[in-house]
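Here are the chains, one letter per residue:
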There are 2 protein chains.
Amino acid sequence: MNRRGFIKAASIASLAMALPEKIFGFERTAASTAGNSASQAGPDRGVLSLPGAQTTGSTRGIMLRFAPYQLSLRHSFNLASGSRTTTPDVQVEAVYDGIVGYGEASMPPYLGESVDSVMRFLSKVDLSGFSNPLRLEEILEYVDAVAPDNNAAKAAVDIVLHDLVGKLVGRSWHELWGLSPENAPETSYTIGIDSEEMVRLKMTEADPYNILKVKMGLDRDRETIEIIRSLTDRPICVDVNQGWHSKELALEMCHWLADRNCLFVEQPMPKEQIDDIAWLRERSPLPIIADEAVKRLADLPACLGAYDGINIKLMKSTGLREAHKMATTAKALGLKVMIGCMTETSCGISAAAQLSPLVDWADLDGNLLISNDRFEGATIQNGRITLPASPGIGATLLL
Amino acid sequence: MNRRGFIKAASIASLAMALPEKIFGFERTAASTAGNSASQAGPDRGVLSLPGAQTTGSTRGIMLRFAPYQLSLRHSFNLASGSRTTTPDVQVEAVYDGIVGYGEASMPPYLGESVDSVMRFLSKVDLSGFSNPLRLEEILEYVDAVAPDNNAAKAAVDIVLHDLVGKLVGRSWHELWGLSPENAPETSYTIGIDSEEMVRLKMTEADPYNILKVKMGLDRDRETIEIIRSLTDRPICVDVNQGWHSKELALEMCHWLADRNCLFVEQPMPKEQIDDIAWLRERSPLPIIADEAVKRLADLPACLGAYDGINIKLMKSTGLREAHKMATTAKALGLKVMIGCMTETSCGISAAAQLSPLVDWADLDGNLLISNDRFEGATIQNGRITLPASPGIGATLLL
């Protein structure tokens, strides 16, 4: 882990007293107050990090602190749409009544957000007017109205507030949602589109997982599956990322994959081809899951008839609150629910994992794909998501 | 209020030590343990009442205690389907770790449950296997599987557990759901089907309310509205209780009511006439709300196209947990949400009121229609629901 730049709250507070204000970018009194109370509060109440963070709000209400953080990928990430070795990310903290909550925005470029756009959005969010963080509905309605889109930036605020509220109440979110952690599903481990050598290497990393997720949509789809099938019989989830363009090819592939112990096919065709997807769904032996087609709750009703289920990701949904509503609504409508992620630290992953006892399938390996995680939280044990009992989103800053 | 039979926990506990076990119907050690811890716990943690209650479970896990309680109506209650002066009810308590939660089942006869059926159902519910009341999802899944139907009995268990969990966590349910109590809507006051003299009398009782609810579906529909309109211009919600049988009559009435400042029409025709209701909805100037047509979450998708909204009642929905899911799903599907009630004590009404900041309209006057309320909780101030800040469902036993 990259530990540079992450200092205990107490150190920040004392540094803030001694150094010019602009180095830290937040008001000295507020920082020292927040730092002191956080450091008194014990590990469950969180500690400040992010020196040099920008801030909004004040410690009289809820103060937000945020700073860019580039995620380093263990392997270059190849999708139908391109390849990369880092993911831009913004880390966020909320300070309220001596408690520090954590959140993050992860911005894989294809979603249209960037460090700049997220920092710009967060600098407009002023939570000093909200005296009770538990009022998540009205606070997040305000956040949603600050600017359109910016879903990852909104998710960062949502996650940080959920962490704060859970710590205030002294309970984890899976508890507050009434869920049993034993019901958390197995999670899949992602094998990207890669050379045979890399696929074989990743297969050894995937050893602790009972389900594999394979990215498809380039020209080596069958080859990748055949390499994996030469090594293991473990069930495979297939994510096409809109990579197939003909419904006939998609149907042929669904049959071929069904014969090879595949569980479902995610976003087989471009989301705009909804009639083709509905045609495929009627004929496919495998369930068809929406990913790119469903970001937020409002996108969900249109999935009926075209998809068998949805893949919820916090960075698409604007966070946990809307994700929970999406899972509830999808289940009520007879849709399967999957929870996925971007490459994220264990902060975002642990937040998403809180919802996992509600879902049919989980794909929460984004923290395992990076080499500079700042947190520990939800872990994988025997292929299954294991939720920490700690309050909030269950993420602890690595110091 | 009828105070006979409601004794402080400490008195029950000491009586239980002195008197034969069968008088109290619960195990002596359990009762005294529970009584002692509850009496140490202070008012927010609840106190035991219900001497002679039947019990299931044990204080090692969650103990349920329940006893019949007949609600006396202030006025005889006239509906399209009949008339009555009492409502059968079963009061329920849950005891866990020195905390007492409250719940109830109210059984207006047309819903098919009775004191006997509720007591029989509750005697089969054994929560001793659940060591953590926060795991509402798995506990209520178990309760739902104990026997089919029995929705009011299931609601009683759901409410008592929500009260327990809220008290354990130290928060009200509107807080745990992230809602702001200021968003609780105005509630309507119900004017039944009655003589002109009685309608005039009830109108004076309705004075603090800004919205009236008028029961229809007998032969004096227009007359009742005209009497009310001679006295006030306040908006009226109309509840037909399936009383109209012709779609043409229903449409004519909707137009007539729209001209007289009515807000919506609830369950205009028998729920089986769903095609006629869809026909009416396409043409009606007023929104058409489902009541008898929607009990539980599974009934909701069929409403799309036939209704503009749903009336959620805890005694239909099996309680708060499913009611919250119904409200979430309905809003996601663009349906309006109303929360209603049966004649209930302030226990059931306060529980339902916790959800009210989520809804478009509320009709939570069931406690005001009875003369022997055992609780205080949510109140009406200037026509608006006012939620207590106390943890759980916000109901305090009147001692």
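Let us look at the structure shown here. (Residues numbered from 1 in each chain as written. Chains lettered and ligands numbered in written order. Predicted model: local features only at pLDDT ≥ 70, side-chain atom pairs only at ≥ 80, totals over all residues. Heavy atoms only, no water.)

Quick word on the overall build of chain A
Summing up its helical and strand segments, chain A has 14 helices and 18 strands in all. Here chain A holds 399 residues, and the buried ones make up 62% of them. Once local pairs closer than 6 in sequence are excluded, the contacts in chain A between residues at least 24 apart make up 67%. When the accessible area of chain A is evaluated, it comes to approximately 14,300 Å², of which 48% is carbon and sulfur surface. (Helix = DSSP H or I, 4+ residues; strand = E, 2+ residues; numbered from the N terminus. Buried < 20%, exposed > 50% of the residue type's maximum accessible area, 1.4 Å probe, protein only. Contact = heavy atoms within 4.5 Å. Areas by Shrake-Rupley, 256 points an atom, 1.4 Å probe, with all protein chains shown as cover.)

Concerning the sheet that holds strand β1 (residues 54–56) of chain A
Residue and element names in this part refer to chain A. Spatial ordering of the open sheet is given by β1-β2-β5-β6, a layout of four strands whose pairing is antiparallel. The sheet is open, and its two borders are formed by β1 and β6 (99–106), each paired with just one other strand. Within the sheet, the average angular offset between the axes of one strand and its neighbour, ignoring direction, is 20 degrees. As paired elements, β1 and strand β2 (residues 63–68) share three bridges and run antiparallel to each other. Paired with T55 across the strands is R65, a residue of β2. (Pairing = 2+ DSSP bridges. Axes fitted to C-alpha atoms, helices over the stretch in contact; angles between N-to-C directions.)

Quick look at the interface of chain A and chain B
Size of an interface: often given as the accessible area lost when the parts come together. The partner chain B presents 25 residues to the 25 residues of chain A that form the contact. Between chain A and chain B lies a buried interface of about 2,200 Å² when both sides are counted; carbon and sulfur atoms form 56% of it. At the junction of chain A with chain B, the criterion picks out two salt bridges. Among the ionic pairs, R135(B) bridges to E182(A), the shortest N-O distance being 2.8 Å. Our enumeration of links across chain A and chain B arrives at ten residue pairs in polar contact (both at pLDDT 80 or more). (Buried area = accessible area lost by both parts, 1.4 Å probe. Salt bridge = Lys/Arg side-chain N within 4 Å of Asp/Glu carboxyl O. Polar contact = N/O pair within 3.5 Å; in protein donor to acceptor, adjacent residues only side chain to side chain.)

Overview of unusual backbone geometry
Trans is the prevailing form of peptide bonds, just as negative phi is the prevailing case for residues other than glycine. All names here are of chain A. Even without a glycine there, the phi angle at D149 is positive, about 55 degrees. Mapped onto the elements of the fold, D149 is located in the loop between α5 (136–146) and α6 (151–169). Unusually for a residue other than glycine, T318 sits at a positive phi of about 75 degrees. Considering the arrangement of structural elements, one finds T318 in the loop between α12 (314–317) and α13 (320–332). Residue T318 is classed as buried on the basis of its relative accessible area of 9%.

Quick notes on the state of the cysteines
In protein chemistry, a disulfide is the covalent bond that joins the sulfur atoms of two cysteines. Tallied over the full model, the rule gives zero disulfides over all chains. Lacking any disulfide linkage, C237(B) is separated from the closest cysteine sulfur, that of C262(B), by 8.3 Å. (Disulfide = S-S within 2.5 Å.)

Some points on the packing of aromatic side chains
All names here are of chain A. Counted under the stated rule, the structure contains ten aromatic pairs over all chains. With 5.2 Å between their ring centres and 50 degrees between their planes, W173 and W177 make a pair best called tilted. What makes W173 buried here is its relative accessible area of 4%. Among the residues examined, W177 registers a relative accessible area of 8% and is labelled buried. In this structure, K247 packs its charged tip against the face of W279, placed 4.8 Å from the ring centre. Geometry around Y69 places R374 over its ring, the cationic atom sitting 5.7 Å from the centre. (Phe/Tyr/Trp six-rings, centres within 6.5 Å; stacked < 30°, edge-to-face > 60°. Lys NZ or Arg CZ within 6 Å of the ring centre and 35° of its normal.)

Here we look at the sheet that holds strand β11 (residues 288–290) of chain B
Residue and element names in this part refer to chain B. If you walk across this open sheet you meet the eight strands as β7-β8-β9-β10-β11-β12-β13-β14, and the pairing is parallel. In the strand order of this sheet, the two ends are held by β7 (188–191) and β14 (361–362), each with one partner. Looking at chain direction, strand β12 (residues 309–313) and strand β13 (residues 336–340) are connected through five bridges and run parallel. Directly across from I310, in β13, lies its bridge partner V337. In the packing of helix α13 (residues 320–332) onto the sheet, the strands contacted are β12 and β13, and the crossing angle to β12 comes to about 170 degrees.

Regarding the environment of P68(A)
Considering the arrangement of structural elements, one finds P68(A) in strand β2. What makes P68(A) partly exposed here is its relative accessible area of 47%.

A few points about the relation of the copies chain A and chain B
Note on the copies: chain A fits chain B at an RMSD of 0.0 Å, the axial shift is 0.0 Å, and the rotation between them is 180 degrees. Each copy turns onto its partner about a two-fold axis. Considering only C-alpha atoms, the part of chain A nearest the rotation axis is T329(A), at 2.4 Å. When the interface residues of chain A are mapped onto chain B, 100% of them are again interface residues, pointing to one common binding face. (Least-squares fit on C-alpha atoms with pLDDT ≥ 70 in both.)

A word on helix α6 (residues 151–169) of chain B
For α6(B), with 19 residues, the first-to-last C-alpha span of 26 Å sits near the 27 Å given by 1.5 Å per residue. Positive backbone phi, at 80 degrees, marks G170(B), one or two positions downstream of α6(B). (Expected span 1.5 Å × (residues − 1).)

Here's the deal with the pattern of salt bridges
Taken as a whole and judged by the stated rule, the model has 40 salt bridges over all chains. Between R171(B) and E175(B) there is a salt bridge whose closest N-O contact spans 3.3 Å. Between R283(B) and E282(B) there is a salt bridge; the shortest N-O distance is 3.9 Å. Under the relative-accessibility criterion, R283(B) is labelled partly exposed at 37%. Take E282(B): its relative accessible area is 65%, and that puts it in the exposed class. Residues joined in a network through salt bridges with shared partners are K213(A), K215(A), D239(A), E266(A) and D363(A).

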